[in-house]
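In case you want the letters, here they are:
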Amino acid sequence: MPYSSPLLEIPRAVAAPEGHPEAGVPWHWGDPFAEQRTAARGVVVIDRSHRETLAVTGEERLSWLHLVISQHVTELAGNTGTEALVLDSQGHVDTHFVLAHTGDTVYLDSDPGPLVTSALPKGGKQTLREYLEAMKFWSKVEIRDATKELAVLSVLGPETDSVLGVELGAEPYSVAALPEGGFARRMPWPTRAGADLVVPRAQLTQWWQRLTDAGARPAGSWTFDALRVESRHPRLGVDTDERTIPHEVGWIGSAAHVAKGCYRGQETVSKVHNVGRPPRYLALLHLDGSPEITPETGDPVKLGERVVGRIGTVAQHHELGPIALALVKRSVPGGAELLAGDEDRVVQATVDPDSVPGEHAAPGREAAQRLRG
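Residues numbered from 1 in each chain as written. Predicted model: local features only at pLDDT ≥ 70, side-chain atom pairs only at ≥ 80, totals over all residues. Heavy atoms only, no water.

J.: Account for the overall build of the protein, naming residues and giving values.
T.: Along its length, the protein carries 8 helices and 21 strands. Computed over C-alpha atoms, the radius of gyration of the protein comes to 21 Å, within 12% of the 21 Å expected from 2.2 N^0.38 for 373 residues, which places it in the range of a compact globule. Oriented by its inertia axes, the alpha-carbon framework of the protein measures out at about 60 × 60 × 40 Å. A total of 373 residues make up the protein; the buried ones form 54% of that total. Taking contacts inside the protein between residues at least 6 apart in sequence as the whole, the part at least 24 apart equals 65%. (Helix = DSSP H or I, 4+ residues; strand = E, 2+ residues; numbered from the N terminus. Rg over C-alpha atoms; globule rule 2.2 N^0.38 Å. Buried < 20%, exposed > 50% of the residue type's maximum accessible area, 1.4 Å probe, protein only. Contact = heavy atoms within 4.5 Å.)

Here is the structure:
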């Protein structure tokens, strides 16, 4: 059965359209633009309980995870977290998740249905848990599916700390255990001030009531997506495709470490960082809002008659109007006038100049140039 949050039964909760990536949780609560404005100026709470969670325990949990994910975690301190990826052998992104290390457990929470390229010779796809289980060998770790135990609520806005009910460090990904189980985690996106509350699933409704009673306005996934697009943070499987590498979507540093070795796909990460340039970048597009149509995820982006990219998330923003994320070729300049969409949903689009990446200093290429004199 598809997941359906108990919060959808609360009056004014509006479910997402059929087939929406965030199906199963409230899309909005009656006024999505007011919800976004409150996230920018006050505080909102968003149900993201459709996310899936794994728990990794055991004395070798950090050293083992370090070998199988893209992030450097051997020295991940208690009550801290980070983001990480699993890549395929060519360095393409398979899945993305956020970590929290608290007590004797590392929690990994991801968007629903994370699939990765199998580590087995037969190939194909397997779930993230199946992949991690296949990579355990003799390591002293245990992996369990904690999705039925824990549910994610995201609190966004400059007044976040006023409703949390727990002391949480100011540093990104700081973690604090909650007294009744679960944990709070400071998040640096999609707004500058925000936190995830990963609460006991059996107490999801009570936590929602507690947060709204404390002053948080109910908001839906529409708000989260609009602010995520504005801040240019990708959603796996929507803003990425089977060819995406971490450099193209801003996951170098935040989710992929360029210096550590010994993880699948590391060669691509290191090579592109040191001697190459990513072929595409994640652009913020401003869409023409005069026609009452918008492109859809996967639609082409054209410069003249030439296809130069693909549309990812499309959102209606309370200030910017219709906007979208798009993976476009590196040659597409800021301010470029594009056409986004397919068939009867083509609109004019402009690349936000601030989303065009600057020239990356490639250490390997610079060293080669010095040797050539």
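J.: Describe in detail the layout of surface pockets, supporting the description with residues and values.
T.: Here the largest pocket is characterised by a volume of approximately 500 Å³. If you trace the largest pocket, you find 19 residues lining it, with His-20, Trp-27, Thr-294, Val-314 and Ala-315 closest to the centre. Of all the secondary structure elements, the ones that give two or more residues to the lining of the largest pocket are α6 (221-230) and β18 (306-317). Here the element with the most residues in the lining of the largest pocket is β18; it accounts for 5 residues. Here the residues of the lining of the largest pocket sort into 8 nonpolar, 6 polar and 5 charged. (1 Å grid on protein atoms, 1.4 Å probe; cavity = no way out; pocket = protein on both sides within 12 Å on 5 of 7 lines; lining within 4 Å. Points joined across faces, edges and corners; volume = space filled by probe spheres on them. Nonpolar A, V, L, I, M, F, W, Y, C, P; charged D, E, K, R; others polar.)

J.: Could you give an account of the sheet that holds strand β20 (residues 337-340), with specific residues and numbers?
T.: The 6 strands are arranged β16-β19-β18-β17-β20-β21 in a closed barrel whose pairing can be described as antiparallel. Between one strand axis and the next, the sheet turns by 40° as a mean value, whatever way the strands run. Taken together, the 7 bridges between strand β16 (residues 280-287) and strand β19 (residues 321-329) define a ladder with antiparallel strand orientation. Bridge pairing in β19 places His-286 opposite Ile-323. The sheet strands contacting α6 are β16, β18 and β19, and the helix crosses β18 at an angle near 135°. (Pairing = 2+ DSSP bridges. Axes fitted to C-alpha atoms, helices over the stretch in contact; angles between N-to-C directions.)

J.: Residue-level account of the nonpolar core, with values.
T.: In this structure, Leu-153, Val-155, Leu-197 and Leu-211 are the most contacted members of the largest nonpolar core, which totals 23 residues. Every element with two or more residues in this core is listed here: β11 (150-156), α4 (161-164), β14 (194-200) and α5 (204-213). With 4 residues, α5 is the single largest residue contributor to this core. Ignoring any residue separated from it by four or fewer positions in sequence, one finds Leu-211 in contact with Val-45, Leu-153, Val-155, Val-163, Leu-197 and Ala-216. Core analysis: the next-biggest nonpolar cluster, separate from the first, contains 21 residues, Trp-64, Leu-65, Val-68 and Ile-143 among them. (Core = buried A, V, L, I, M, F, W, Y, C linked by side-chain atoms within 4.5 Å.)

J.: Describe the pattern of salt bridges, with residues and values.
T.: Between side chains of opposite charge, a pair can form when the charged atoms approach closely. For the coordinates displayed, the defined rule picks out 23 salt bridges. For Asp-161, the salt bridge is made with Arg-186, and the minimal N-O distance between the two is 2.8 Å. One end of the pair, Asp-161, is in helix α4; the other, Arg-186, is in strand β13 (residues 183-186), with 25 residues separating them in the sequence. Arg-185 is paired through a salt bridge with Asp-196; the nearest N and O atoms lie 2.8 Å apart. You can see Arg-185 sitting in strand β13 and its partner Asp-196 sitting in strand β14, a full 11 residues away along the chain. Assigned by exposure class, Arg-185 and Asp-196 land together as buried. (Salt bridge = Lys/Arg side-chain N within 4 Å of Asp/Glu carboxyl O.)

J.: Give a description of unusual backbone geometry that names residues and reports values.
T.: Each neighbour pair has its own omega, and for Trp-189 with Pro-190 the value is 5°, a cis peptide bond. If you trace the backbone, Pro-190 turns up in the loop between β13 and β14. Even without a glycine there, the phi angle at Asn-79 is positive, about 60°. In this fold, Asn-79 is placed in the loop between α2 (61-68) and β5 (80-87). Residue Asn-79 is classed as partly exposed on the basis of its relative accessible area of 39%.

J.: Talk me through the pairing of strand β3 (residues 44-47); I want residue IDs and the actual numbers.
T.: Residues Val-44 and Ile-46 point to one face of β3 and Val-45 and Asp-47 to the other, with burial holding for every one of them. Sheet topology note: the β3/strand β15 (residues 217-219) ladder contains 3 bridges and is parallel. Within β15, the residue paired with Val-44 across the bridge is Arg-217.

J.: Account for α6, with residues named and values stated.
T.: In terms of burial, α6 is a largely internal element, 9 of the 10 residues being buried. Every buried residue of α6 is listed here: Ser-221, Trp-222, Thr-223, Phe-224, Asp-225, Ala-226, Leu-227, Arg-228 and Val-229. One or two positions beyond α6, positive phi appears at Arg-232, with a value near 60°.

J.: Please set out the pairing of strand β4 (residues 52-57) residue by residue, giving values where relevant.
T.: Within β4, 5 of the 6 residues are buried, leaving the element largely enclosed by the surrounding structure. Both β4 and strand β7 (residues 105-110) contribute to a ladder of 6 bridges, which runs antiparallel. Bridging across to β7, Ala-55 finds its partner in Tyr-107. Pairing between β4 and strand β10 (residues 142-145): 4 bridges, direction antiparallel. For Val-56, the partnering residue across the bridge sits in β10 and is Ile-143.

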